[in-house]
Amino acid sequence: MTHPELISLLQSLIRIPSPNPPGDCRAIADFCEEYLQRIGFNTTKIAPDERAWSVIGVAGSDDGPSLLLHAHIDTVPLGQNAKWTYNPFGGDVDNGKIYGLGSVDDKAPMAAMLQVAADLSERLHEIKGKLVIVCAAEEETGGVLGTKWLSENGYIPACDFVVVGEQTHNRMATAHKGVLRAAFHVRGRTSHATDPWRGRNAINGMAHLILDLERYQKDVLEARPHPLLGAASINVGVIQGGVSANVVADACTIRVDRRMVPGEDPQVVIRELQEIVAKRQALDPERSYSVDSFQISNWFQSDASSTLAQRFLAICAEETGTPAEPVGYLPGSDAKHLVNQTKQAMIVFGPGTYQVAHSTDEYTEVAELEATYRILQRFAKEMLF
Ligand SMILES: [Zn+2]
């Protein structure tokens, strides 16, 4: 079963570039606002600056159940060496796939959500309760000026059931990881490389600290996996230090990404990292070890046992033939900013996989997009009529 309107809606979204950075979402927000107005939604288009325009469309009333469908309208930028086979802003359909930057992340769920809203448009006066569509800017850079800002400033109403569109192969995800970033520093003492024992090589000190972090991953983090997301993890992504091969390095810094699983308290994670540093310091008093500049982006976890979540799960299972069990979503999403907008349950859901997102020749499978649409449409009709 092919839905030409749904496909051309996704193509239209792909043909409006919205890479972030720079994050200029004006054109795509205009498109979404006009679309929602045309099908009878009341809309708010709003931004905290001149780029990050988001759109919120609302239909129905406060009497009865409320459903929030959220997807982001920004994309990542094109890769610097990207050699696309297809036009990244073309929306070409080939071999059952729709190609384009943002085709799966996140314009596919956006298209499915807008199409569901359009299907209901002739019966909007019969809705018991409320349907809210959020077209959010700024997700790709953390959502601070997008969904976080919209939530904190009262632009997104609290709803019974919240669907955050991301790539879950049309499974219902009830958890995603959080991130804590930190910088570790070692200070030593320079000397001539001809007799390096007069100095204290900061890079050598850092080598020991990196192995401490590796042991922490294996012995501590892998011993306490999350049921849906597996173990928390730590990755050393950047190392900087030294000035020349003939000088003993007196400074070395690493930048680390620590993925948190639901249930982990960021303050406890910070203490664990500080303890690793303190232990290394105690073993090596001649160098100075420190960790700082913590940046935190929270995890999300929702309850799959509510009636609404169980219904969504059952519809997913029927439409896709997959087990009626929730899954985890490994990357982050705007769900973390919508916790206060959720009255009963929030899920992450959409076609495709994050492994295809952010990459050359990004695509959505037409069949998967259509399943996303059918699941959302069935659920919305059940809940709101
Ligand atoms: Zn996304």
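First things first, this report covers the structure right here in the doc. (Residues numbered from 1 in each chain as written. Predicted model: local features only at pLDDT ≥ 70, side-chain atom pairs only at ≥ 80, totals over all residues. Heavy atoms only, no water.)

Topic: the overall build of the chain
Here's step 1: A count of helices and strands for the chain gives eight helices and 16 strands.
Here's step 2: By principal-axis analysis of the C-alpha atoms, the chain measures approximately 80 × 45 × 40 Å.
Here's step 3: For the chain, with 385 residues in total, the buried portion stands at 53%.
Here's step 4: When the accessible surface of the chain is split by element, carbon and sulfur atoms take 49% of a total near 16500 Å². (Helix = DSSP H or I, 4+ residues; strand = E, 2+ residues; numbered from the N terminus. Buried < 20%, exposed > 50% of the residue type's maximum accessible area, 1.4 Å probe, protein only. Areas by Shrake-Rupley, 256 points an atom, 1.4 Å probe, with all protein chains shown as cover.)

Focus on the coordination of the zinc ion
Here's step 1: Within the protein, H72 (NE2), D105 (OD), E166 (OE) and E166 (OE) serve as the donor atoms for the zinc ion, at 1.9 to 2.7 Å.
Here's step 2: Classification of the site at the zinc ion rests on its four donor atoms, whose angles at the metal span 53 to 151°, yielding the label irregular.
Here's step 3: Read in sequence order, the donor residues coordinating the zinc ion give the pattern H-x32-D-x60-E. Of this pair, D105 sits in the loop between β5 (97-99) and α3 (107-120) while E166 sits in the loop between β7 (159-165) and β8 (173-176), placing them 61 residues apart in sequence. This pair shows no difference in class: D105 is buried, exactly as E166 is. (Donors = N, O, S within 2.8 Å, 3.2 Å for Na, K, Ca; no water. Tetrahedral: all angles 85-135°; square planar, octahedral: opposite > 155°, others 65-115°.)

Describing the state of the cysteines
Here's step 1: Tallied over the entire structure, the rule returns zero disulfides.
Here's step 2: No disulfide involves C25; its nearest neighbouring cysteine sulfur is the one of C32, lying 9.2 Å away.
Here's step 3: With relative accessibility at 0%, the residue C25 sits in the buried group. (Disulfide = S-S within 2.5 Å.)

Description of the packing of aromatic side chains
Here's step 1: Within the structure shown, the criterion is met by nine aromatic pairs.
Here's step 2: Both rings, one in Y329 and one in Y354, keep their centres 6.5 Å apart while their planes meet at 90°; by these two values the pair is edge-to-face. Remark: Y354 occurs in the loop between β15 (342-349) and β16 (363-365) and Y329 occurs in strand β14 (residues 327-329); sequence separation between them is 25 residues.
Here's step 3: Residue Y329 is classed as buried on the basis of its relative accessible area, which comes to 4%.
Here's step 4: Put simply, the rings of F161, F312, F349 and F379 pair up and form one aromatic cluster.
Here's step 5: Positioned above the aromatic ring of Y363, the side-chain terminus of K97 is 4.5 Å from the ring centre.
Here's step 6: One Lys or Arg, R123, reaches over the ring of F385 and ends 4.1 Å from the middle of that ring. (Phe/Tyr/Trp six-rings, centres within 6.5 Å; stacked < 30°, edge-to-face > 60°. Lys NZ or Arg CZ within 6 Å of the ring centre and 35° of its normal.)

What about the sheet that holds β5?
Here's step 1: As summarised here, the arrangement of the three strands in space is β4-β5-β16, forming an open sheet in which the pairing is antiparallel. The open sheet has two edge strands, β4 (93-94) and β16, and neither has a second partner.
Here's step 2: Alignment of β5 against β16, held across three bridges, turns out to be antiparallel. Pairing of K97 across the sheet is with E365, part of β16.
Here's step 3: Packing of helix α8 (residues 366-384) onto the sheet brings it into contact with β4, β5 and β16, and relative to β16 it is tilted by some 70°. (Pairing = 2+ DSSP bridges. Contact = heavy atoms within 4.5 Å. Axes fitted to C-alpha atoms, helices over the stretch in contact; angles between N-to-C directions.)

Structural notes on the sheet that holds strand β12 (residues 288-297)
Here's step 1: The strand order across the open sheet built from four strands is β10-β11-β9-β12, with neighbouring strands paired in antiparallel fashion. Every interior strand has two partners, whereas the edge strands, β10 (233-241) and β12, have only one. Each neighbouring strand pair of the sheet contributes to a mean axis angle of 20°, computed without reference to strand direction.
Here's step 2: Pairing of strand β9 (residues 178-187) with β12 involves eight bridges; the strand directions are antiparallel. Counterpart to V186 in the pairing with β12 is Y289.

Focus on the nonpolar core
Here's step 1: Counting 61 residues, the largest nonpolar core has L67, I133, F161, V163 and F312 as the members making the most contacts within it.
Here's step 2: Setting aside chain neighbours within four positions, we find V163 in contact with L67, L68, L69, H70, M113, F312, I347, F349 and L376.
Here's step 3: Within the second largest apolar cluster, 26 residues are counted, among which are F184, L209, I234 and V256. (Core = buried A, V, L, I, M, F, W, Y, C linked by side-chain atoms within 4.5 Å.)

These figures capture arrangement, not role.
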